[in-house]
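Below are the chains, spelled out letter by letter.
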2 protein chains.
Amino acid sequence: MTSNSKHRPVETVDTAFEIIDVLKRKDGAGITEIADELGLAKSTVHRHVKTLEERGLLLQEEHNYRISTWFLDYGVYVRNRHPLFDVVKPKVDELAAETDEKVWCVIEEHGMGVHIYGAEGRHSVKTHARIGKRTPLHQFAAGKAILAHLPDERVDEILTEYGLAAKTSQTITDREELNDRLEGIRERGYAFNHEESVRGVHAVGAPIRDQSGTAIGAISVAGPANRLRDTALAEELPTLLLGATNEVEINLAHS
Amino acid sequence: MTSNSKHRPVETVDTAFEIIDVLKRKDGAGITEIADELGLAKSTVHRHVKTLEERGLLLQEEHNYRISTWFLDYGVYVRNRHPLFDVVKPKVDELAAETDEKVWCVIEEHGMGVHIYGAEGRHSVKTHARIGKRTPLHQFAAGKAILAHLPDERVDEILTEYGLAAKTSQTITDREELNDRLEGIRERGYAFNHEESVRGVHAVGAPIRDQSGTAIGAISVAGPANRLRDTALAEELPTLLLGATNEVEINLAHS
DNA sequence: TACCGCGTTCGAACTACGGGAACAACACTT
DNA sequence: AAGTGTTGTTCCCGTAGTTCGAACGCGGTA
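Residues numbered from 1 in each chain as written. Chains lettered and ligands numbered in written order. Predicted model: local features only at pLDDT ≥ 70, side-chain atom pairs only at ≥ 80, totals over all residues. Heavy atoms only, no water.

Chain A goes by IclR family transcriptional regulator in an unreviewed UniProt entry, where it is assigned to Natronococcus pandeyae.

Written out as structure tokens, the structure reads:
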């Protein structure tokens, strides 16, 4: 799968989704606003919007169009059909209850980490993560756990495509350093996140691997830096986490 | 908003979403399969699919294309931005804990009921409902509660568009009968569902109204018919439910 | 080895997409 | 009350872009 865009895309479909993206970015907009934003004629935008609205994908109220919940239907369908979901959900709930922290399950898709399920512990930190959120893999514990267990050429592809953008001052932005960390993760079996994605938040992440050893996802536990440190971060949480991912891998093999 | 399709839709956008629909309906498919299903040329489908894949909306594995989690991102974004969501979520959780039953929040969109949030009680029944699920309003308690508090002309529009399809033998399929029931719901303040959507399942649903009195959504409690009967169904649950919707309406007015 | 089945590429034809201008409906100013 | 600015909407025309069919490459299988 080379990323050469050799074929000619269907431009009309692209503009349709660009309109949808504008509506998402702006929390809804009018015809003229969309047209200006995208440099299209009002009539063009109007026809697109009406087409999408007729399909139920958009909602109109006065001079404002918004994205509808059809996307929720498609999205939840996709998530529930994912082979990991049924197996991982109870374990994530369990971990959240045991640790009292925020627990996430993340999968890899198109080289990005996607949060497909999260559970609240009693003392969960509030971050901007939410179901469906896409995050560059190098920026967080679950992502690095996945990255450490993908084929080298795949890692190369991903990193050359997306680069190593910083999220906080602690984000790993050097390719060499990342490779070292990934090596450490492979030896250790799990990954840390020391304020690399959110200031004041630490996390531990462990991969979920298929029978070939390739990561198909990861589970992470995140919490405030002052609570997740010393042996809690280095021993207790990893033990719980590896127990969970191990069970998930076994259940996955027999489903 | 008449349902006259006076304008000419963008057919290319329609085919794109028809392809997506096929992929959803068939849990993934190949190029040829999609082309046969829709009566399109393979080359056409191929170009569409590659366009969507390049945007990250589809995933390819071998000769099989699937919908990606991008739709989850759009969908959850839409749900979380909905004015009801933040207010209703804690109340739904609370109701589930109090009643030990399955609790849903449903909103109306394009004349259909959409499940935007559900919480499990300890003895929750398992139905086919899931977040994002769209259901005709006349088929369940929350839907009828909404229908009973919409303007008459809106109700006419909706019923003439979708009809009164039966889900079980108890589903209301007669227009006159439905009107009587809706009248009863308005007097009583909440709606019942006696095995009208799922055999063996009863439910109570109460509307969430805006300041004009129009329903913008509803909350329902559902459980096995043998547990939800007599005073539990007729008194205790409605009391809890109306307490919750009342609080939601108040919080909604001040946000 | 020849045969399907698949996804993919290519070129040509004509459809239908996009643009611009004019229109209607409304709010706000003067 | 007339005027000026919005907005969304409709129309028609030209051509760019979509669609189709046929051909290609590549696996498997008989």
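Draft legend 1. Representation of the sheet that holds strand S8 (residues 215-224) of chain B within the structure. Residues and elements named next belong to chain B. Pairing is antiparallel in the open sheet, where six strands are placed in the order S5-S4-S3-S8-S7-S6. Looking at the sheet topology across the chains shown, the edges are occupied by strand S5 (134-136) and strand S6 (191-194). With strand direction ignored, the average angle separating the axes of adjacent strands in the sheet is 30 degrees. Where strand S4 (residues 112-119) and S5 come together, three bridges link them in antiparallel fashion. Among the inter-strand pairings, Met-112 is bridged to a residue of S5, identified as Pro-136. (Pairing = 2+ DSSP bridges. Helix = DSSP H or I, 4+ residues; strand = E, 2+ residues; numbered from the N terminus. Axes fitted to C-alpha atoms, helices over the stretch in contact; angles between N-to-C directions.)

Draft legend 2. Up close: the protein's contact with DNA strand C. Ser43(A), Thr44(A), Ile31(B), Thr32(B) and His46(B) are the nearest of the 22 residues found near DNA strand C. When the atoms of DNA strand C within 4 Å of the protein are sorted by group, sugar and phosphate make up 66%. Note that a phosphate oxygen of DNA strand C is positioned 2.8 Å from one of the side-chain N or O atoms of His46(B). Elements represented by at least two residues in the surface near DNA strand C include exactly helix H1 (11-25) and helix H3 (42-54) of chain A together with helix H1 (11-25), helix H2 (31-38) and helix H3 (42-54) of chain B. (Near = heavy atom within 4 Å. Polar contact = N/O pair within 3.5 Å; in protein donor to acceptor, adjacent residues only side chain to side chain.)

Draft legend 3. Structural detail: the interface of chain A and chain B. Contacts between the two partners involve 56 residues from chain A and, on the opposite side, 56 residues from chain B. When the two sides are added together, the surface that chain A and chain B hide from each other amounts to roughly 5,400 Å², 62% of it contributed by carbon and sulfur. Together, Phe17(A), Leu72(A) and Tyr74(A) form the three largest contributors to the area buried by chain A at its contact with chain B, with a combined 13%. Our count for the chain A to chain B interface comes out at 12 salt bridges. Residues Arg55(B) and Asp14(A) are paired through a salt bridge, measuring 2.7 Å at the closest nitrogen-oxygen approach. Taken together, chain A and chain B are joined by 31 residue pairs in polar contact (both at pLDDT 80 or more). Of all the secondary-structure elements, those providing two or more residues to the side of chain A that touches chain B are H1, H3, strand S1 (58-61), helix H4 (70-81), strand S3 (102-109) and strand S4 (112-119) of chain A. For the side of chain A that touches chain B, the leading source of residues is H4(A), giving 12 residues. (Contact = heavy atoms within 4.5 Å. Buried area = accessible area lost by both parts, 1.4 Å probe. Salt bridge = Lys/Arg side-chain N within 4 Å of Asp/Glu carboxyl O.)

Draft legend 4. Up close: the protein's contact with DNA strand D. In the vicinity of DNA strand D there are 23 residues, among which Glu11(A), Ile31(A), Thr32(A), Ser43(B) and Thr44(B) approach most closely. Protein-proximal atoms of DNA strand D, defined as those within 4 Å of the protein, fall in sugar or phosphate at a share of 66%. Here a phosphate oxygen of DNA strand D sits 3.0 Å away from a polar atom, N or O, in the main chain of Thr12(A). Within the side chain of Thr32(A), one N or O atom sits 2.4 Å away from a phosphate oxygen of DNA strand D. Of all elements in the fold, only H1, helix H2 (31-38) and H3 of chain A together with H1 and H3 of chain B reach the threshold of two or more residues within the surface near DNA strand D. By residue class, the composition of the surface near DNA strand D is six nonpolar, 12 polar and five charged. (Nonpolar A, V, L, I, M, F, W, Y, C, P; charged D, E, K, R; others polar.)

Draft legend 5. Summary view of the UniProt feature "domain: IclR-ED" (unreviewed entry) in chain A. Sites flagged by UniProt as "domain: IclR-ED" (unreviewed entry) map to residues 70-254 of chain A. Regarding residues 70-254 of chain A, the helix share stands at 45% and the strand share at 23%, and the terminal C-alpha atoms are separated by 33 Å. (UniProt positions renumbered as here; feature names shortened; annotations may be inferred.)

Draft legend 6. Expanded view of the sheet that holds strand S5 (residues 134-136) of chain A. Residue and element names in this part refer to chain A. What the six strands build is an open sheet, ordered S5-S4-S3-S8-S7-S6; its pairing is antiparallel. Sheet topology places S5 and strand S6 (191-194) at the edges, where each strand pairs with a single neighbour. Pairwise comparison of adjacent strand axes, ignoring direction, gives a mean angle of 30 degrees for this sheet. Of the strand pairs in this sheet, S3 and S4 are connected by seven bridges, and their pairing is antiparallel. Bridge assignment links Glu-108 to a residue of S4, and that residue is Gly-113. The strands touched by helix H5 (residues 85-99) are S3, S4, strand S7 (201-209) and strand S8 (215-224); relative to S4, the strand with the most contacts, the crossing angle is about 60 degrees.

Draft legend 7. Summary view of the domain arrangement of chain A. What the domain assignment reports for chain A is domain 1 (11-68) and domain 2 (78-253). Spacing between the C-alpha centres of domain 1 of chain A and domain 2 of chain A amounts to 35 Å. (Domains from an automatic or database assignment.)

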